[in-house]
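Single-letter residue listing:
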Amino acid sequence: MNEQSASCPACDEPVGQGDRFCEACGNPLLRQGSTSAETAVKDVARKCPACGAVSGATTEYCDECGLRLPDPADRTTIDLGALAGVSDRGRVHHRNEDAIALARLLDGTTAAVVCDGVSTTREPERAARAASDAALAVLLGGDAPVEPVARVRAAVAAAGTAVATLDGSNPSPDGPSCTLVAAYVADGEVTVGWVGDSRAYWLDGPASRLLTRDHSWAAEVVAEGLMDEAVAFADRRAHTITRWLGPDMRPDPDVISVPHNGEGTLLVCSDGLWNEVPEAERIGEFAAGAGDGATPLAVANRLTEVALAAGGRDNISVVVIPLGGVRV
């Protein structure tokens, strides 16, 4: 991609690859969103749907009748046209501990991050939001390494630092922690880095496949040939993660880079989706069920509803990126 491959949509002046603003008119060239931003703008007093009483923004239960108040983070939707994401609390958990962050530059460079808070730690939702925002900032940051694998590694490192310092200078072992999967799409190449069991899939009909390998007890014993996959995933230890981002864990991501020809769809998600629909082909079928020409948001909503219908036993986060792009 050459340095002057795009023009500002506002003034038609040439803009360089990676520019965040047009130098001629100041028009922003970066579209982005995250669950942190989506919930922050809604951080206002809330009205109880049962009795109508108004409570403060930080109150979890109605002051009058005691009903749990809807939380803006229970379901957040981010639609950037060329990609979209949904994060949903699910049917069982009391709060949404997942977070998503996504962005796209005018030249088509795209980045997305999905984080899943570790429920056995304190305030896991803080970890997920801090990690997703920190990783996204590096993925599309002008000062990050140019080479995609190095860029993704730098993004994961930044996310790890953001999480590890949430407790200040005296972090405790049970401090906020999360998993992470990050995707960077540029110049016909998809680069994915992950820590934990959040996943990335390539959806392309019968050729749909899982791109990542979980950092979990089950995945590791299967990879070592110690146990059959069905037996391993039925074990009570199956979903015990072996890597995560937190105060007691140094970020140690796996990173892969694969070429694409503009066909298929990249999906990044938390285990709230794949626990309900484990097979890549089935996920691809459900995505196709959104209909021909469906927008990324329609596909993200479709996959979220499928996970909810299957039980919704965990928080569900999905980001959908058509690799051919959508003109916006």
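This text goes with the structure placed above it.
Everything quoted here is computed from the prediction, not taken from an experiment. (Residues numbered from 1 in each chain as written. Predicted model: local features only at pLDDT ≥ 70, side-chain atom pairs only at ≥ 80, totals over all residues. Heavy atoms only, no water.)

1. Considerations on the pattern of salt bridges
Move 1: Evaluation of the coordinates by the stated rule reveals 14 salt bridges.
Move 2: A salt bridge links Arg95 to Glu125; its shortest N-O distance comes to 3.5 Å. Residue Arg95 is located in the loop between β7 (84–88) and β8 (98–105), and its partner Glu125 is located in helix α2 (residues 124–139); the two are separated by 30 residues in the primary sequence.
Move 3: Close ionic contact of Asp252 with Arg243 constitutes a salt bridge, the shortest N to O distance being 3.7 Å. (Salt bridge = Lys/Arg side-chain N within 4 Å of Asp/Glu carboxyl O. Helix = DSSP H or I, 4+ residues; strand = E, 2+ residues; numbered from the N terminus.)

2. Considering unusual backbone geometry
Move 1: The backbone phi angle of Glu123 is positive, close to 45 degrees, even though this residue is not glycine.
Move 2: Examined against the element boundaries, Glu123 turns out to sit in the loop between β9 (110–117) and α2.
Move 3: Residue classification places Glu123 among the partly exposed positions, given a relative accessible area of 34%.
Move 4: At Asp187, a position not held by glycine, the phi torsion is positive, near 55 degrees.
Move 5: Note on placement: Asp187 falls in the loop between β10 (178–186) and β11 (189–195).
Move 6: Accessibility expressed as a relative area gives 49% for Asp187, which makes it partly exposed. (Buried < 20%, exposed > 50% of the residue type's maximum accessible area, 1.4 Å probe, protein only.)

3. Concerning the nonpolar core
Move 1: Core analysis: the largest hydrophobic core is formed by 29 residues, its most contacted members being Val113, Cys115, Ala131, Leu139, Cys178, Leu180 and Leu245.
Move 2: Put simply, the parts of the chain that give this core at least two residues each are β8, β9, α2, α3 (148–164) and β10.
Move 3: For this core, the element with the highest residue contribution is α2, accounting for seven residues.
Move 4: Residues within four places of Cys115 in sequence aside, it is in contact with Glu97, Asp98, Ala99, Ala128, Ala131, Ser132, Cys178, Thr179 and Leu180. (Core = buried A, V, L, I, M, F, W, Y, C linked by side-chain atoms within 4.5 Å. Contact = heavy atoms within 4.5 Å.)

4. Describing the state of the cysteines
Covalently bonding the sulfur atom of one cysteine to the sulfur atom of another cysteine gives a disulfide.
Move 1: Following the criterion strictly, the structure yields zero disulfides and no others.
Move 2: The cysteine Cys48 is free of any disulfide, with Cys65 supplying the nearest cysteine sulfur at 3.6 Å.
Move 3: Given the relative accessible area of 2%, Cys48 is considered buried.
Move 4: Not part of a disulfide, Cys62 finds its nearest cysteine sulfur in Cys51, a span of 3.6 Å. (Disulfide = S-S within 2.5 Å.)

5. Some words on the environment of Ser270
Move 1: Along the chain, the position of Ser270 falls in the loop between β15 (265–269) and α6 (271–274).
Move 2: Accessibility expressed as a relative area gives 0% for Ser270, which makes it buried.
Move 3: Considering only alpha carbons, one finds Ser270 and Ala99, 171 residues apart in sequence, at a separation of 9.2 Å.
Move 4: Discounting chain neighbours no more than four positions away, the residues touching Ser270 are Asp98, Val114, Asp116, Ser198, Asn315, Ile316 and Ser317.
Move 5: Engagement of the side chain of Ser270 in a polar contact is seen with the backbone oxygen of Asn315, the distance being 3.5 Å. (Polar contact = N/O pair within 3.5 Å; in protein donor to acceptor, adjacent residues only side chain to side chain.)

6. Structural notes on the pairing of β10
Move 1: Within β10, nine of the nine residues are buried, which leaves it mostly tucked inside the rest of the structure.
Move 2: Residues Cys178, Leu180, Ala182, Tyr184 and Ala186 of β10 are buried on one face, and the alternating residues Thr179, Val181, Ala183 and Val185, pointing to the opposite face, are buried as well.
Move 3: As judged from the eight bridges shared by β9 and β10, these two strands associate in the antiparallel manner. Among the inter-strand pairings, Val114 is bridged to a residue of β10, identified as Val181.
Move 4: As judged from the seven bridges shared by β10 and β11, these two strands associate in the antiparallel manner. Its bridge partner being in β11, Tyr184 is matched across the sheet by Thr191.
Move 5: Taking the residues that link successive antiparallel strands as the turn, the β10-β11 hairpin has two residues, and the phi of Asp187 there is positive, at about 55 degrees. (Pairing = 2+ DSSP bridges.)

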